[in-house]
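Tertiary structure, described
Residues per chain are reported as follows:
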Amino acid sequence: MWAYWLSVPEHWREIPARYRLEGGQCEDCGFKMIPKRDVCPRCGSKNVKTVKLPRRGRVLEYTKVWNPPRGYEYYTPYVIALVELEDGTRLTAQLTDVDPDEVEEGMEVEMVLRKVRVSGESGLIAYAYKFRPLLK
Amino acid sequence: MRDVYVVGAGLTPVGNHWRLGIRDLAVQASIKAMEAADNPKIDYIVVANALSGIVDGQENLGALISDYLGMIGTPSLKVEAAGASGAAAAVTAAGLIKSGMADNVLLVGVEKMTDYTALEDSNMALSTSIEREYEAFFGATLESLHAMVMRSYMRKYNVEEEAFAAVPVLMHEHASTNPYAQFKFKLKRESYMRSPYLAEPLKLLDAPSIGDGAAAVILSVSPNSPGGAVRVSSWGQATDHVSLYMRKSVTEFPAVRLAVKRALERADLKLSDISFYKIHDSSSVAALIEIEEMGLTERGKAIELVDSEDSRRNGSTPINPDGGLKARGHPLGATGVYQIAETYLQLTDKAEGTQVSGARRALLLSAGGLASNVVVHVLERV
């Protein structure tokens, strides 16, 4: 069960990305990423700065998950999506506040902070980004 | 560099081995392989495994398995590369021989998966091969990534869900006569459409099941063996982004393309030199993309090959003559060694029930994670 239990520091150090969508941008080729990396995955440059990513985007691809890992049973079936943010940055996220059957390619979504996983009765409750259909 | 030969193989059937632990499975396969090679002096043991630290709470497998084999003192280590652990361990083992560090290596792949009796726990374990912090943390599983690849493939090439049945149907047909297979029965297309979704549109029958198993081979610098020898004539390996969201294309596996190219070029071979293929059908759509990346068909056309007689054992392009991951079974870290052991039996005319007649050369593809670490071997008759 080692991979299931979430430790406090492990989640804590990811908080800038998971709470606030802080990512990285390559100062040489402009590529944006989440999380920030030391090396740009596109051009190999080591000049990567921290940037705040936009909260809005659209669904590129999605799936309704029926067979969850331990710790995610409560939300099942839930939707996992590849989301492309307004500036072109891509990430993987769970969708929320939506009927899974109404999700479609191209759907406009926005980031919200939600409970993502609970590690048993005494473990850490982790919050992070999820995406919901854009409120118009 | 020195040549490397496979000179003996031993397998356990893939399945639910409730009475056997990781030690027992590894020892059984290893003893069979060493006996088949007339018990050469083993200079090194290389263990392939992906999940023992998680499922069994056991690491240090190199020492553990040499201990239980009664081979204390023999150098031994474990190699991990998710679902490609077996093939990556073979690269390591062959390297020991090529470099002169060892003359005979016992390569044993083992995985014990059924000790997790709840699917949620198995899913968690299998999803350690995707990126934990930015995929699995959000509830993504390895299956869910395959599912998104599948939906993308369907949209891009205008393919219906029903069409993917061709992959498990082929694998089950080939496994139905394999004595070591987990699922020795044929599959009807209707059963495929009735099978439940794991992550839509990926169905239960698109993916391998959970299974235990071990396979072992003896690699040697010398082709002298009572059971015959098969040459490891080439290899190629390549990596890709672990996360699907970091990739430029959702429907391509560039690491497969690169690993196959490297393996063929290194031995100056063409696809037309290959008698049969072992692909890593960790899902139906993954199998199709691999076939396309290898260059066996155009993009979007692999289903036609899988559906045809050409992909059968007696066809022009046999694919997974032993049943593949779907039906032979996929004991994760052991699968790459199963491929090598089965191919050894094929190329020495000892593949009981699954023989591809007259096969001279085989290409073996193993893909860890979502094809983020891909290893290819070419084996040939001596």
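Every chain is numbered on its own, with residues counted from 1 as its sequence reads. Whichever chain is written first becomes A and whichever ligand is written first becomes 1, with later ones labelled in order. The predicted nature of this model means local features are confined to residues of pLDDT at least 70 and side-chain atom pairs, given and counted, to a pLDDT of 80 or more, with totals for whole chains, interfaces and linings taken over all residues. Computation of side-chain values covers all heavy atoms of the structure but excludes hydrogens and water.

So, about a nonpolar patch on the surface. All names here are of chain A. Patch membership requires more than 30% relative accessible area and the absence of a salt bridge. Residues of like charge join within 9 Å; the nonpolar side chains Val, Leu, Ile, Met, Phe, Trp and Tyr join within 5 Å. Every accessible area reported is derived by Shrake-Rupley at a probe size of 1.4 Å, with residue values counting cover from the shown protein chains alone. Any carboxyl oxygen of Asp or Glu within 4 Å of a side-chain nitrogen of Lys or Arg constitutes a salt bridge here. Taken together, the side chains of Tyr19, Leu113, Ile125 and Tyr127 define a hydrophobic patch exposed on the protein surface, amounting to about 340 Å² of accessible area. Helix and strand assignments follow DSSP, with helices taken as H or I runs no shorter than four residues and strands as E runs no shorter than two, numbered in order from the N terminus. One can find Ile125 in strand S8 (residues 125-133). Relative accessible area decides the class of each residue, using a 1.4 Å probe on protein chains only: under 20% of the type maximum gives buried, over 50% gives exposed, and in between gives partly exposed. A relative accessible area of 43% places Ile125 in the partly exposed class.

Turning our attention to the interface of chain B and chain A. Counting residues at the interface gives 39 residues for chain B and 46 residues for chain A. A quick way to say it: buried area is the sum, across both parts, of accessible area lost when two parts are put together, with a 1.4 Å probe. Where chain B abuts chain A, roughly 3800 Å² becomes buried across the two surfaces, and 53% of that area is made up of carbon and sulfur atoms. In terms of surface lost to chain A, no three residues of chain B exceed Tyr134, Phe137 and Phe138 of chain B, which account for 21% of the buried area on that side. On the surface where chain B and chain A come into contact, there are 7 salt bridges. A salt bridge links Lys64 of chain A to Glu200 of chain B, with the nearest nitrogen and oxygen atoms 3.7 Å apart. Counted as a polar contact is a pair of N or O atoms within 3.5 Å, where, for protein atoms, one must be capable of donating a hydrogen and the other of accepting one, and residues adjacent in sequence contribute only when both atoms are in side chains. For the interface between chain B and chain A, the tally reads 24 residue pairs in polar contact (both at pLDDT 80 or more). Looking at the side of chain B that touches chain A, the elements that each hand over two or more residues are helix H2 (52-56), helix H5 (119-126), helix H6 (142-157) and strand S5 (197-199) of chain B. Per-element tally for the side of chain B that touches chain A: the top contributor is H6 of chain B, with 7 residues. Residues count as neighbours in contact if any of their non-hydrogen atoms are within 4.5 Å of one another.

Turning our eyes to something else, we now look at the packing of aromatic side chains. Two measures describe an aromatic ring pair: the distance that separates the ring centres and the angle between the ring planes. Centres within 6.5 Å are what make two rings of Phe, Tyr or Trp a pair, Trp counting through its six-membered ring; a difference in plane orientation under 30 degrees is then read as stacked, over 60 as edge-to-face, and the rest as tilted. Under the counting rule described, the total for this entry stands at 9 aromatic pairs over all chains. Between Tyr72 of chain A and Tyr78 of chain A, the aromatic rings sit 6.5 Å apart at their centres with planes inclined by 45°, giving tilted as the arrangement. For the pair formed by Tyr72 of chain A and Tyr78 of chain A, the shared burial category is buried. Relative to Phe138 of chain B, the ring of Tyr134 of chain B lies with its centre 6.4 Å away and its plane at 45°, an arrangement referred to as tilted. For Phe138 of chain B, a relative accessible area of 0% puts it in the buried group. Ring pairs connect the aromatic residues Tyr129 and Phe131 of chain A together with Tyr134, Phe137 and Phe138 of chain B, which therefore count as one cluster. A ring is scored as having a charge over it whenever the NZ atom of a lysine or the CZ atom of an arginine sits within 6 Å of its centre and within 35 degrees of its normal. Its guanidinium or amino end placed over the ring of Tyr134 of chain B, Arg18 of chain A lies 5.5 Å from that ring's centre, counting from NZ or CZ. Sitting over the face of the ring of Tyr62 of chain A, Arg151 of chain B holds its NZ or CZ atom 3.9 Å from the ring centroid.

Take the pattern of salt bridges next. Counted by the stated rule, this structure contains 35 salt bridges over all chains. Arg2 of chain B is the partner of Asp103 of chain B in a salt bridge, and the nearest nitrogen-oxygen pair spans 2.9 Å. Here the residue Asp103 of chain B occupies a position in the loop between helix H4 (85-98) and strand S4 (104-111), and Arg2 of chain B occupies one in the segment before strand S1 (5-11), the gap between them amounting to 101 residues. The exposure class of Asp103 of chain B is partly exposed, given its relative accessible area of 36%. Here Glu342 of chain B ties to Arg328 of chain B by a salt bridge, and the two come within 2.6 Å at their closest N and O atoms. A residue pair is termed long-range when its members are at least 10 positions apart, and Glu342 of chain B in helix H13 (residues 335-347) and Arg328 of chain B in helix H12 (residues 324-328) qualify at 14 residues. When sorted by exposure, Glu342 of chain B lands in the same class as Arg328 of chain B, which is buried. Counted as one network, the salt bridges with shared partners bring together Glu61 and Glu105 of chain A together with Arg151 and Arg155 of chain B.

A few words on unusual backbone geometry. Following Thr76 of chain A, the chain continues to Pro77 of chain A via a peptide bond in cis, the omega torsion being -5°. Examined against the element boundaries, Pro77 of chain A turns out to sit in the loop between strand S4 (56-65) and strand S5 (78-85). Omega for the peptide link from Glu200 of chain B to Pro201 of chain B comes to 5°, which places this bond in the cis form. The phi angle at Ala371 of chain B is positive, at roughly 50°, despite the residue not being glycine. Residue position: Ala371 of chain B is located in the loop between strand S10 (361-368) and strand S11 (373-381).

Residues and elements named next belong to chain B. Along the polypeptide, Tyr344 turns up in helix H13. Between the alpha carbons of Tyr344 and Lys32 there is a distance of 14 Å; along the sequence they are 312 residues apart. Among all residues touching Tyr344, those that are not within four sequence positions of it are Val6, Val7, Gly8, Ala9, Ser225, Gly227, Gly228, Ala229, Val230 and Lys350.

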